[in-house]
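# Architecture at a glance
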Amino acid sequence: MYIVTGGAGFIGANIVEGLNLRGENDILVVDNLEKSTKFRNLVDLEFSDFLDKRDFRDAIEKGRFDHARIRGIFHQGACSDTMEYDGRYMMDNNFSYSKLLFHFAVEREIPFVYASSAATYGNGIRFTEERSSEEPLNIYGYSKLLFDRYVERHLADVESTVAGLRYFNVYGPREEHKGRMASMVYQSYRQLRDDGVTWLFQGTGGYGDGEQRRDFVYVRDIVDVNLFLADGVPVQGVFNVGTGKSRSFNEIVHTLIVLMGRGELKYKPMPDNLREKYQNFTEADITRLRRAGYGKAFTSIEEGLGEYVARLREA
């Protein structure tokens, strides 16, 4: 059995799909569907069971999974809202819950691959998995960083796979439920489709209008990295997952306009409350991931957007 926490969410549901494509259906999906439409992400997927996150956490704490045959845990469940200001809630979801699963997996030598984030780097210019590069701008980024550091302190005696993946700007199918936290790719597509106009921020941080740059990574690549690490030789550590090449927001929108055959781009001022917490530039250094043996090429933005737009039009 595989366990996918956050399995109804964007990346989690894509991991379930990736497992299905490999012929794997013995999957426990863990999530919280209390206030969400993300159940739609599960309709076309095959899995053996579903548990509410709170019931799953309780079951782990009470030892109900102690003798289960678990082949891997993909821990994608987290509060990913970068504008969430409730620090206690954020730390319970992203730190305490993650510690519980980490120790459960390590004690049983179960491969444990979990979602970290490029938000751990803040508004820096270097994106290497080193303390000198880490300066989160919000409680979300800090909660992810704190767990990364907790894991690193406990790796000396670990023999099974424990891999934290610092995702950069992920886009692709099954993110529609995320609302304002969906990728700018999806936000721009929806605006162009509905209104014929999409908006980017005016220049900030020394970048011109719409010239802020991010490392946009297609969700299919995220799935491939997760499955590679869970199924391969044991590795331990934190790894950046991005293409290694930044692209401007303008490039993204112009590519979408060409693919859709319509649209106009306009600019608006960035809100003051966002300006100091905004990453104007990200670009993954993926040296450590390559050294771990992952050699597959990442999907180009042109190929990824072409495939994504085709799928959105079919929906």
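Keep in mind the model is a prediction, meaning the values are calculated, not measured. (Residues numbered from 1 in each chain as written. Predicted model: local features only at pLDDT ≥ 70, side-chain atom pairs only at ≥ 80, totals over all residues. Heavy atoms only, no water.)

Taken residue by residue, a regular strand's side chains alternate between the two faces of the sheet. Summarising burial for strand β8 (residues 197–201): 4 of the 5 residues are buried, a large majority. In this structure, β8 lies alongside strand β13 (residues 264–268), joined through 5 bridges in parallel fashion. Looking at the pairing, Leu-200 lines up with Tyr-267 of β13. (Buried < 20%, exposed > 50% of the residue type's maximum accessible area, 1.4 Å probe, protein only. Helix = DSSP H or I, 4+ residues; strand = E, 2+ residues; numbered from the N terminus. Pairing = 2+ DSSP bridges.)

Even without being glycine, Glu-109 reaches a positive phi, approximately 55°. Relative to the helices and strands, Glu-109 is located in the loop between α3 (87–107) and β5 (112–117).

With respect to the helices and strands, Gly-6 occurs in the loop between β1 (2–5) and α1 (10–21). Classification of Gly-6 by relative accessible area gives buried; the value is 14%. With 255 residues separating them in the primary sequence, Gly-6 and Gly-261 have C-alpha atoms 35 Å apart. Residues within four places of Gly-6 in sequence aside, it is in contact with Gly-12, Ala-13, Val-30, Asp-31, Gln-76 and Gly-77. (Contact = heavy atoms within 4.5 Å.)

Glancing now at the pattern of salt bridges. Oppositely charged side chains can form a pair if their charged atoms are brought close together. Inspection of the entire model under this criterion finds 22 salt bridges. Residues Arg-166 and Asp-148 are paired through a salt bridge, measuring 3.0 Å at the closest nitrogen-oxygen approach. Residue Arg-166 is located in strand β6 (residues 162–167), and its partner Asp-148 is located in helix α4 (residues 139–153); the two are separated by 18 residues in the primary sequence. With relative accessibility at 1%, the residue Arg-166 sits in the buried group. Measuring nitrogen to oxygen at the nearest pair gives 3.6 Å for the salt bridge that ties Glu-303 to Arg-220. (Salt bridge = Lys/Arg side-chain N within 4 Å of Asp/Glu carboxyl O.)

Turning next to the packing of aromatic side chains. Both the distance between ring centres and the angle between the ring planes are used here to describe each pair of aromatic rings. The full count for this structure, using the stated rule, is 18 aromatic pairs. In textbook terms, an aromatic cluster arises when at least three aromatic residues are bridged by ring pairs, as seen for Phe-95, Phe-102, Phe-112, Tyr-114, Phe-147 and Tyr-150. The side chain of Arg-214 reaches across the aromatic face of Tyr-278, ending 4.9 Å from its centre. (Phe/Tyr/Trp six-rings, centres within 6.5 Å; stacked < 30°, edge-to-face > 60°. Lys NZ or Arg CZ within 6 Å of the ring centre and 35° of its normal.)

Here the focus is the packing of helix α5 (residues 184–195) against helix α10 (residues 301–314). At a minimum axis distance of 12 Å, the contact between α5 and α10 shows a crossing angle of 50°. Judged by the angle between their axes, α5 and α10 are oblique. Every pair of crossing elements has a handedness; the one defined by α5 and α10 is right-handed. Judged by residue contacts, Val-185, Tyr-186 and Tyr-189 of α5 engage Leu-305, Tyr-308, Val-309, Leu-312 and Arg-313 from α10. In the contact of α5 with α10, the residues fall into 7 nonpolar, no polar and 1 charged. (Axes fitted to C-alpha atoms, helices over the stretch in contact; angles between N-to-C directions. Parallel < 35°, antiparallel > 145°, perpendicular 65-115°, else oblique. Left-handed = near helix turned anticlockwise from the far one by under 90°. Nonpolar A, V, L, I, M, F, W, Y, C, P; charged D, E, K, R; others polar.)

For Gln-279, the location among the structural elements is in the loop between α8 (272–275) and α9 (287–291). At a separation of 3.3 Å, a polar atom in the side chain of Gln-279 contacts the main-chain carbonyl oxygen of Ala-118. Residues contacting Gln-279, with those up to four places away along its chain left out, are Ala-118, Ala-119, Tyr-121, Gly-122, Asn-123 and Arg-214. (Polar contact = N/O pair within 3.5 Å; in protein donor to acceptor, adjacent residues only side chain to side chain.)

Next up on the list: the packing of helix α7 (residues 249–260) against α10. Two elements in contact, α7 and α10, have axes separated by 10 Å at closest approach and are oriented at 50°. Between α7 and α10, the angle is such that the two are oblique. As for how α7 packs across α10, the hand of that crossing is right-handed. Within the contact between the two elements, α7 uses Ile-252, Thr-255, Leu-256, Leu-259 and Met-260 and α10 uses Ile-301, Leu-305, Gly-306, Val-309 and Arg-313. When grouped by side-chain class, the residues that make up the contact of α7 with α10 number 7 nonpolar, 2 polar and 1 charged.

Across the sheet, which stays open at both edges, the 7 strands sit in the order β3-β2-β1-β4-β5-β6-β11 with parallel pairing between neighbours. Since the sheet does not close on itself, it has two edges, and those belong to β3 (49–52) and β11 (236–241), each with one partner. In this sheet, adjacent strand axes meet at a mean angle of 20° when their direction is disregarded. Of the strand pairs in this sheet, β5 and β6 are connected by 6 bridges, and their pairing is parallel. For Phe-112, the partnering residue across the bridge sits in β6 and is Val-162.

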